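Listed below are the residues making up each chain.
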Amino acid sequence: MEDYKYLFKVVLIGNAGVGKTCLVRRFTQGLFPPGQGATIGVDFMIKTVEVDGDKVKLQIWDTAGQERFRCITQSYYRSANALILVYDITCQPTFDCLPNWIKEIDTYASSKVLTYLVGNKSDRLLHREIPAEIGEHFAKQHSMRYLETSAKEAENVDRLFTEIAVELTKQAKENFLRPRQDSTSGKVGMPNGGSSPVGGLSCCKLN
Amino acid sequence: MECFGESLNQELEDLQEHQTAIETKMLSLHKMLPNLQLLHTDSRQLSSMVSFTSTLAENVSGKVRQLDLAKSHVTACMQRVEDVLDLKFCTDGVQTALQNEDYEQAAAHIHRFLSLDENVLRMTEGSNEGSTLDTSFQLLHEAESKLKKIVHKNFDAAVHSKDVASVERFFKIFPLINLHDEGLTKFSKYLSAQISETAETNLNQALSVKSSDKRSTVIFADTITLLFEGIARVVEIHQPLVETYYGPGKMFPFMAALQKECDRQTRKIVEKFKESRDFTRKVQKVRQSSMPRATAAEKIDPKELDVLLAELTLMNARAELYLRFVRRRVVADVEVSQEEDRTEKVAEVDKFLSDCDLSRLMQELVGSYIMMEEYFMKEMVVKAVKMDTYEGGAMTSSMVDDAFFIVKKCVRRAMSSCSVDGVCAMLNNACTMLEQDFKEELHSRLKLGFPSGFDLTQAYNLVQSSIQQGKLQSSDTEKAKANFLCMLNDTEVSSDYIQTLKKNLQAEITKVFGHVHQHSQEKLESCLSELASVSNKFREVREFGFTQLYSAAIKPRIKPWVDTFSATSHLIDDEEFTNYEANDPWVQAFIVQLDNLLNTFKASLTTGNNDTFVSHVTTEVTIQLEKAVLKMSFNRLGGLQFDKELRALVGYLTSVTTWTIRDKFARLTQMATILNLEKVNEILDYWGPNSGPLTWRLTPTEVRQVLTLRVDFRGDDIKRLKL
Ligand SMILES: Nc1nc2c(ncn2[C@@H]2O[C@H](COP(=O)(O)OP(=O)(O)OP(=O)(O)O)[C@@H](O)[C@H]2O)c(=O)[nH]1
Ligand SMILES: [Mg+2]
C-alpha cells in the first residue's frame, strides 16, 4: 500500500503548444524541457504533496492539444477532480478558443469540478497579446479561478498545483466529515456526475 | 567590585603558572641549538648534489628527445615515400581499372587516394618530384569524378533495366568513393519504387475483391498489412548490405527514406478505405447521433458500425506492430554506432516515428474509432435496456447480461487495436456509460420503491391461485414488487460483474500490452482501477434499494408480530406456564410468519441479496423485540418463559442462515438471562470478575433497568447492587 491519504486527478487541457507539458514537467520534475515535442494522446505523471501534514497524491493527466486526439482526451474529463484550462498569453488564437473548451467541460466534466484558467508564458512580457485583466475577467465570468504562470521561469507553477491540492483536500474533508446522509436524499440520488465529485469515499483512500 | 577583584586574582595566578611552563620550554630549545647547525650544513650539501644530478639528467633526456624527433621524421618520411609510391600505383591502377570497367578496383584505388593527405604530399612540391605529383593528383581527381559519374549512371541504368545484381554492385561502390548519402538515397529510392509498385498492385486487387469474399470486410486492413510486411521484408534483405558496406549508424536515414514511401502508400490505402467504407459520412453521422437532442430517426444504427470498427482496430494493430519493428531495427543500430548521446538519438528516432504520416493517419483513425466505439457501446446498451425482459424464475433481467456483454466486447475490441491510448479512452468511456447511463437506469427504477400495504405472502398466494384459475395474470402491485426485487438483483450482479470485468481485463491487458513501456502500463492500470470505484457506486445504489425495501416490507411487517408478543402476559403462575407449554402463545406463530417472509423473498433474491435481506430482518426483529421487552413486566416464571421463547427463535434463525446469528441476539439473550434470575444478587455470579467468557453488551444502567422489569425484585436490592 502506498502511503497517501488522498488521491486526486488533475487534467490539463488547452490548445496545442500553450505549454501544458512544460507546466507539468516544471511541477513534477522541476525543469523546463528544451525542445518539448507535442504530446501524443495523453501522458500522465504523479506527484505527492503535503497538505496540513497529510500526503496528497496528485495524478496529473497531460492531454494533447492537437485536434485529432480530442476523442481520447475527452474521455478523461469525467473522473477529473480538477481541470486546468491553459492558454498562451502571447497567442490570441489560444485565448479565442477558450469558449470551445468551456463547452467541452460543460459536456463532459462533472458539474462540480474545480477549474482553473491559466495564462501561461508570462515571462514573454514583450509579446503579451492578452492583458491579465481580460483573462481574469473571462475566468470570473465562467466561475473559474485564474492564474498567470511561466513554466520557463517557474512562476506560479508550484502555487497552481498546491492551491489545487489544498482546495481538493478541503473539499474531501468536508465531504467526509459531513454526516452520512440518508441515501434517499443523499449523494446516491444526485444527478449525473454529481455523485461524490471529490475525494469522498470513492476516490480517496484512507490508510 | 569584589567579584571583579576575585577574577583578576584568578587571572594573575593563571599567568604565573604559564610563565614557569614557558621558561622550561626555552631552556630545552637552547639545548637543541647546536644540533640544528649541523643539520643545516648537511642539507646544503645534499641540495648541491641534487642539482648536479638534475642537470645531468636533463642533458641526457634532451638528447633522447632529439633522437625521438629524428626517428619520427624518418617514419613520416618513409610514410610519405610510401604514399607517393601508392599515389603512383593508384594513378596507374585507376586508369587500367577504368579501361577494364573494373569499377570495384577503380573505386578501391580512389578510396586509397582519398585516404591520403593531399596537402602533406603537396609540400614536397618544388623538388623535382613536384611536377609528377601534380600530374598524378590531376589524373586521380579526373578519375574520381569520372568514376562518380559512371557509378551514378550505371546505377540508374541498372535500376532502369531492373538488373538487381548491378544495382547491388554499384550500391556497394558508392561508399568507397565517399558517396554514402548519395548511395543510400538512390538505393532507398530504388527500393521505394519497388514498394510502391507492389502496393499499387495490392490496392487494385483489394478494390476488385467481391463482397462475397470472406476477407472483404477487412480487405483494407489486409492491404495495409501487405504493405508493412513488404517493407519489413525489404529491410530484412537489405539491412546486412547497408551495414556491411555503409557501416553502422546508417539505418536511421535508410529507414527514414523508406518510411516516406510507407507514408505515401498508407495515405493512398487509407483514402481508398475511407471512400469505399463510406467512412467520412459515418463519422459525421455518429457525431450528429451522439448529440443529446438527436432523435431516434436521425440516429445511425450501431450495428452498421460493427464491421467497420473491427477493421479499424486491425489496421491500427498492424501499424503498431510495424512501427515497433522499425523502431527496434533503428534503435539497435543506434546502440552499436552511437557512443554518447544515445538517449538523445533514440528520442530523435521516437519523435520521427510518432510524427510520421503513418502515425498521424492512424492517430486520426483511432480518434474516429473511439468516438464510434463509444457510440456503439452506448447505443447497444440503451437497446438492451429498452428490450429488457424479465423471465419468471430468473433472478436478474436480460439487460444485465446484455449490457456487460457489450461493454466487454467493446473494451476488448479496443484492446485488439493495440493502442494504449485507445484502450484507456474506452475504459474511461465504459466507466462513464456504466455510471451515468446504466447505473442511473437501475437507480431510477429502484426509486419507484417497493409497493407496501399489500402483503406479499398473500399476494403471492392470491396470484398463484388466480393463475391457476386462469383468471388473472398478475396484479400490478405484484408486478411492481417482482420488478423491484429484480432491479435489486440486477444492481448487485452488476457490481459483481464490474469487479469480474476488471479482473479479466487486467489479465488480458497484461497479455496484450506486456511489452509496452512501464509508463504506459501504469496509465492502463490507472484507467482500469476506475472500474473499482464504479462498482462501489453500484453498491451504493443497492444499499439505497435496501433502505427502500426495509421501510416498505421489513419494518411494517415485523411490527404486528412483535405486538403479539407485547400482548402476551409474562406474569404467570405454574398453571399458566404449563398451559403456555401446550398452547404456545406467540413464538411459534412468529417463527412461521418469519419463515414465510424469508422464504418468499428467498425465491426472488440472489444469494448475496438474500443474505443482506435476512440480516436486515434479523436486525429489525432484535431491535423491535428489545423495545418491547423493556415495556413489559415479568415474574420468575415469565422470565423462564421468555428465555424459552428466545431460544426457540434463535434456534430457528440459526437453522436458516449461513452465518452466526447469536451475535445479533447477544443483548436480548443477556436480557433473558437477567429476567431468568432467582434473586437480584445472583447477577453478581455473571458480572465483572465472574463473567468468564461472557462479554456483556448491556451497560450497568441497562442491567438495572431489566432487573426492574421483574415485578418480584425489590427496587432497593437493585439500587444496592454494585455493578
Ligand atoms: N517562453 C516560454 N515558453 C514556454 C513556456 N511554456 C512552454 N513554452 C514553450 O511552448 C512550446 C510548447 O510547449 P508544450 O509544453 O509542449 O505545449 P503543450 O501545451 O503541451 O502542447 P501539446 O502537447 O501539443 O498540446 C515549447 O516550445 C515550450 O518551450 C513558458 O512558460 N514560457
Ligand atoms: Mg503537451
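Okay, so let's go over this structure. (Residues numbered from 1 in each chain as written. Chains lettered and ligands numbered in written order. Predicted model: local features only at pLDDT ≥ 70, side-chain atom pairs only at ≥ 80, totals over all residues. Heavy atoms only, no water.)

**Side note on the overall build of chain A**
At step 1: Helices and strands together make up the secondary structure of chain A, namely 6 helices and 6 strands.
At step 2: Its helices and strands taken in sequence order, chain A reads β-α-β-β-α-β-α-α-β-α-β-α from the N to the C terminus.
At step 3: Out of the 207 residues in chain A, the part that is buried amounts to 56%.
At step 4: Considering only contacts in chain A between residues 6 or more positions apart, those separated by 24 or more positions represent 74%.
At step 5: For chain A, the exposed area adds up to about 9300 Å²; of that, 51% sits on carbon and sulfur atoms. (Helix = DSSP H or I, 4+ residues; strand = E, 2+ residues; numbered from the N terminus. Buried < 20%, exposed > 50% of the residue type's maximum accessible area, 1.4 Å probe, protein only. Contact = heavy atoms within 4.5 Å. Areas by Shrake-Rupley, 256 points an atom, 1.4 Å probe, with all protein chains shown as cover.)

**Structural notes on the site of ligand 1**
Residue and element names in this part refer to chain A.
At step 1: Taken together, 22 residues surround ligand 1, and among them Lys20, Thr21, Thr39, Gly65 and Asp123 come closest.
At step 2: Here Gly19 contributes a backbone N or O atom positioned 3.0 Å from an oxygen atom of ligand 1.
At step 3: Between ligand 1 and Lys152 there is a distance of 3.2 Å, counted from an oxygen atom to a backbone nitrogen or oxygen.
At step 4: The protein chains hide 86% of the 660 Å² of surface that ligand 1 would expose on its own.
At step 5: Of the residues forming the shell around ligand 1, the biggest block, 3 residues, is contributed by helix H1 (residues 20-29).
At step 6: Here the shell around ligand 1 is built from residues that sort into 7 nonpolar, 10 polar and 5 charged. (Near = heavy atom within 4 Å. Polar contact = N/O pair within 3.5 Å; in protein donor to acceptor, adjacent residues only side chain to side chain. Nonpolar A, V, L, I, M, F, W, Y, C, P; charged D, E, K, R; others polar.)

**Observations regarding the sheet that holds strand E2 (residues 42-51) of chain A**
Residue and element names in this part refer to chain A.
At step 1: Pairing in this open sheet of 6 strands is mixed, and the strands run E2-E3-E1-E4-E5-E6 from one edge to the other. At either margin of the open sheet sits one strand with a lone partner, and together these are E2 and strand E6 (145-148). Taken pair by pair, the neighbouring strands of this sheet meet at an average axis angle of 25°, ignoring direction.
At step 2: Where strand E1 (residues 6-13) lies against strand E4 (residues 82-88), 4 bridges are found, and the strand directions are parallel. Its bridge partner lying in E4, Leu12 is registered against Ile84.
At step 3: Helix H5 (residues 132-141) rests against E4, strand E5 (114-120) and E6 of the sheet, and its axis sits at about 155° to E6. (Pairing = 2+ DSSP bridges. Axes fitted to C-alpha atoms, helices over the stretch in contact; angles between N-to-C directions.)

**A look at the side chain of Thr225 of chain B**
Residue and element names in this part refer to chain B.
At step 1: Mapping Thr225 onto the fold places it in helix H7 (residues 219-246).
At step 2: Note on Thr225: relative accessible area 11%, which makes it buried.
At step 3: At 3.3 Å, the side chain of Thr225 forms a polar contact with the side chain of Arg318.

**Some thoughts on the coordination of the magnesium ion (ligand 2)**
Octahedral metal centres with six donors ideally show angles of 90 or 180 degrees, and tetrahedral centres with four donors ideally show 109.5 degrees.
Residue and element names in this part refer to chain A.
At step 1: Taken together, Thr21 (OG1) and Thr39 (OG1) make up the full set of protein donors to the magnesium ion (ligand 2), lying 1.9 Å away. Of this pair, Thr21 sits in helix H1 while Thr39 sits in the loop between H1 and E2, and the two are 18 residues apart along the sequence.
At step 2: With a relative accessible area of 11%, Thr21 lands in the buried category. (Donors = N, O, S within 2.8 Å, 3.2 Å for Na, K, Ca; no water.)

**Quick notes on the nonpolar core**
At step 1: Judged by nonpolar contacts, the single largest core of 220 residues is most densely connected at Met372, Leu434, Phe438, Leu549, Phe613 and Leu649 of chain B.
At step 2: A per-element tally of this core places helix H17 (residues 518-567) of chain B first, with 17 residues.
At step 3: Ranked by size, the runner-up nonpolar core spans 30 residues in total, among them Tyr6, Phe8, Val157 and Ala165 of chain A. (Core = buried A, V, L, I, M, F, W, Y, C linked by side-chain atoms within 4.5 Å.)

**Side note on the pairing of E6 of chain A**
All names here are of chain A.
At step 1: As paired strands, E5 and E6 are joined by 4 bridges and run parallel to one another. If you follow Val118 over to E6, its bridge partner there is Leu147.
At step 2: Note on the crossover from E5 through H5 to E6: the handedness is right-handed. (Right-handed = clockwise from strand over helix to strand, strands pointing away.)

**Brief notes about the packing of helix H12 (residues 357-386) of chain B against helix H13 (residues 398-416) of chain B**
All names here are of chain B.
At step 1: At a minimum axis distance of 8 Å, the contact between H12 and H13 shows a crossing angle of 170°. Between H12 and H13, the angle falls in the class roughly antiparallel. Taken together, the residues of H13 that come into contact with H12 (itself represented by Tyr369, Glu373, Phe376, Met377, Met380, Val381, Ala384 and Val385) are Met399, Asp402, Ala403, Ile406, Val407, Lys409, Cys410, Arg413 and Ala414.
At step 2: Counted by class, the contact of H12 with H13 contains 13 nonpolar, no polar and 4 charged residues. (Parallel < 35°, antiparallel > 145°, perpendicular 65-115°, else oblique.)

**A closer look at the pairing of E5 of chain A**
Residue and element names in this part refer to chain A.
At step 1: For E5, the tally of buried residues reaches 7 of 7 residues, placing the bulk of the element in the interior.
At step 2: Both faces of E5 are covered, namely the face carrying Leu114, Tyr116, Val118 and Asn120 and the face carrying Thr115, Leu117 and Gly119.
At step 3: Two strands pair when backbone bridges link them, and E4 and E5 are joined in this way by 7 bridges, in the parallel orientation. From the neighbouring strand, Tyr87 faces E5, where its bridge partner is Gly119.

**Observations regarding the interface of chain B and chain A**
At step 1: With 36 residues of chain B at the contact, the number on the chain A side is 28 residues.
At step 2: Note on chain B versus chain A: buried area summed over both sides is about 2800 Å², and carbon and sulfur give 52% of it.
At step 3: Residue Glu435 of chain B pairs with Arg78 of chain A through a salt bridge whose shortest N-O separation is 2.8 Å.
At step 4: Put simply, chain B and chain A have 10 residue pairs in polar contact (both at pLDDT 80 or more) between them.
At step 5: Every element with two or more residues in the side of chain B that touches chain A is listed here: H12, helix H14 (420-447) and H17 of chain B. (Buried area = accessible area lost by both parts, 1.4 Å probe. Salt bridge = Lys/Arg side-chain N within 4 Å of Asp/Glu carboxyl O.)

**So, the packing of aromatic side chains**
Aromatic ring pairs are reported here in terms of the distance separating the ring centres and the angle at which the planes meet.
At step 1: Throughout the structure, instances matching the rule amount to 28 aromatic pairs over all chains.
At step 2: For the ring pair Phe228 of chain B and Tyr322 of chain B, a centre distance of 4.7 Å and an interplane angle of 10° mean the geometry is stacked. Taken together, the positions of Phe228 of chain B in helix H7 and Tyr322 of chain B in helix H10 (residues 306-337) put the pair 94 residues apart, joining distant regions of the chain.
At step 3: Here Phe404 of chain B and Tyr497 of chain B contribute two aromatic rings whose centre-to-centre distance is 5.3 Å and whose plane-to-plane angle is 85°, an arrangement assigned as edge-to-face. Here Phe404 of chain B is found in helix H13, whereas its partner Tyr497 of chain B is found in helix H16 (residues 476-512), with 93 residues between them in sequence.
At step 4: Judged by relative accessible area, Phe404 of chain B falls into the buried class, the value being 6%.
At step 5: Linked through ring pairs, Trp561, Phe565, Trp586, Phe590, Phe634 and Phe642 of chain B together constitute an aromatic cluster.
At step 6: A cation over an aromatic ring shows up here: Lys47 of chain A above the ring of Phe27 of chain A, its NZ or CZ 4.8 Å from the ring centre. (Phe/Tyr/Trp six-rings, centres within 6.5 Å; stacked < 30°, edge-to-face > 60°. Lys NZ or Arg CZ within 6 Å of the ring centre and 35° of its normal.)

**Structural notes on the side chain of Arg710 of chain B**
At step 1: Its place among the elements puts Arg710 of chain B in the loop between helix H23 (700-709) and helix H24 (715-720).
At step 2: Ignoring anything within four residues of it in the chain, the contact list for Arg710 of chain B reads Phe634, Asn635, Arg636, Ile674, Leu675, Asn676, Leu677 and Glu678 of chain B.

**Notes on helix H2 (residues 103-115) of chain B**
Residue and element names in this part refer to chain B.
At step 1: Spanning 13 residues, H2 covers 18 Å between terminal C-alpha atoms, matching the ideal 18 Å at 1.5 Å per step.
At step 2: Among the residues of H2, those classed as buried are Tyr103, Ala106, Ala107, His109, Ile110 and Phe113. Relative to the axis of H2, the buried residues are bounded by an arc of 160° and lie together on one face. (Expected span 1.5 Å × (residues − 1). Arc of directions from axis to C-beta.)

Note that every value here comes from positions in space, so none of it alone points to a role or purpose.
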